[in-house]
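# An overview of the molecular structure
Listed below are the residues making up each chain.
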Amino acid sequence: MSKEQISFKIIFRSPQYPVIVVTEEGLYSAYNIEQLGTLCVFSEPIDADFEVTVIDSSGDEFKYFTEHTALMPGFLNKKWTKKQIIELYNRNLVPEDNDIEYSLKSISSKKVSRIVGEICELLKS
């Protein structure tokens with residue numbers, strides 16, 4: 001399947017960009033619908049439920065269902081906290097890649113959108 005043939009649907013509402021995509025291979029960042037669609041369609045789900053988790057810049061969780069090629073807000077309206085997002089990123093670091101750990105200090109003064117944006121930048125590099 002080529003990028004031009006990707007079938008990708010968004011149900012109910014779109015995420016706010018940038019987003020963090022959680023897959024079996026690790027974490028990725030997407031800045032628009034095209035990048036998100038490509039990542040979701042070509043990524044391996046992290047669990048046996050055939051779902052890829054997406055966290056948008058407001059902290060809302062979305063699920064991409066591989067069998068339906070559709071992205072939708074999480075059923076339980078899960079809202080990720082700043083600490084959970086940072087811990088997710090730090091847990092997925094690969095030591096030999098010299099990745100930069102995101103500090104948990106002074107997160108109370110940062111908005112969720114800023115933390116997600118900064119983590120997306122770290123994932124991009």
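Look a little higher up for the structure.
Residues numbered from 1 in each chain as written. Predicted model: local features only at pLDDT ≥ 70, side-chain atom pairs only at ≥ 80, totals over all residues. Heavy atoms only, no water.

### Remarks on the environment of leucine 123
Heads up, the rule is: Secondary structure is summarised from DSSP: a helix means a run of H or I of at least four residues, a strand means a run of E of at least two, and numbering begins at the N terminus for each. With a 1.4 Å probe rolled over the protein chains alone, any residue whose accessible area is under 20% of its type maximum counts as buried; one over 50% counts as exposed, and the rest are partly exposed. The contact definition used throughout considers only heavy atoms, calling two residues in contact when any of these lie within 4.5 Å.
Mapped onto the secondary structure, leucine 123 falls in helix α3 (residues 112-124). Of the residues examined, leucine 123 reaches a relative accessible area of 23% and is grouped as partly exposed. On a C-alpha basis, the gap between leucine 123 and tyrosine 89 in space is 8.9 Å, while along the polypeptide they are 34 residues apart. When near neighbours in sequence (up to four residues on either side) are disregarded, leucine 123 contacts Ile20, Leu27, Tyr28, Ser29 and Tyr89.

### With respect to the pattern of salt bridges
As a reminder, the rule being used: Any carboxyl oxygen of Asp or Glu that lies within 4 Å of a side-chain nitrogen of Lys or Arg is treated as forming a salt bridge with it.
Inspection of the entire model under this criterion finds eight salt bridges. Among the salt bridges present, the one from aspartate 60 reaches lysine 79, with a minimum N-O distance of 3.3 Å. Highlighted residues: aspartate 60 in the loop between β4 (51-55) and β5 (61-65) and lysine 79 in the loop between β6 (70-73) and α2 (82-91), separated in sequence by 19 residues. Judged by relative accessible area, aspartate 60 falls into the buried class, the value being 15%. Notably, a salt bridge pairs glutamate 87 with lysine 83, separated by 3.9 Å at the nearest N-O pair.

### Focus: the packing of α2 against α3
Heads up, the condition is: Simply put, an axis is a line fit to the C-alpha atoms, just over the touching stretch for a helix, and the angle between two N-to-C directions goes from 0 to 180 degrees. By the definition adopted for this analysis, an angle is roughly parallel if under 35 degrees, roughly antiparallel if over 145, roughly perpendicular if from 65 to 115, and oblique otherwise. Residues are grouped as follows: Ala, Val, Leu, Ile, Met, Phe, Trp, Tyr, Cys and Pro are nonpolar; Asp, Glu, Lys and Arg are charged; every other residue, Gly included, is polar.
Packing of α2 against α3 brings their axes to within 10 Å, and their N-to-C directions diverge by 10 degrees. By the angle class used here, α2 and α3 are roughly parallel. The residues of α3 that touch α2, namely those facing Lys82, Ile85, Ile86 and Tyr89, are Val112, Ile115, Val116, Ile119, Leu122 and Leu123. Looking at the contact of α2 with α3 residue by residue, the classes come out as nine nonpolar, no polar and one charged.

### Here we look at the sheet that holds β6
The criterion, for reference: Criterion used throughout: strands pair if DSSP finds at least two bridges between them.
Reading across from one edge, β1-β6-β5-β4-β2-β3 is the order of the six strands in this open sheet, with mixed pairing throughout. Looking at which strands have only one partner, the edges of the open sheet turn out to be β1 (9-10) and β3 (26-30). Bridge count between β1 and β6: two bridges; the pairing is parallel. Residue pairing in the sheet places isoleucine 10 in a bridge with leucine 71 of β6.

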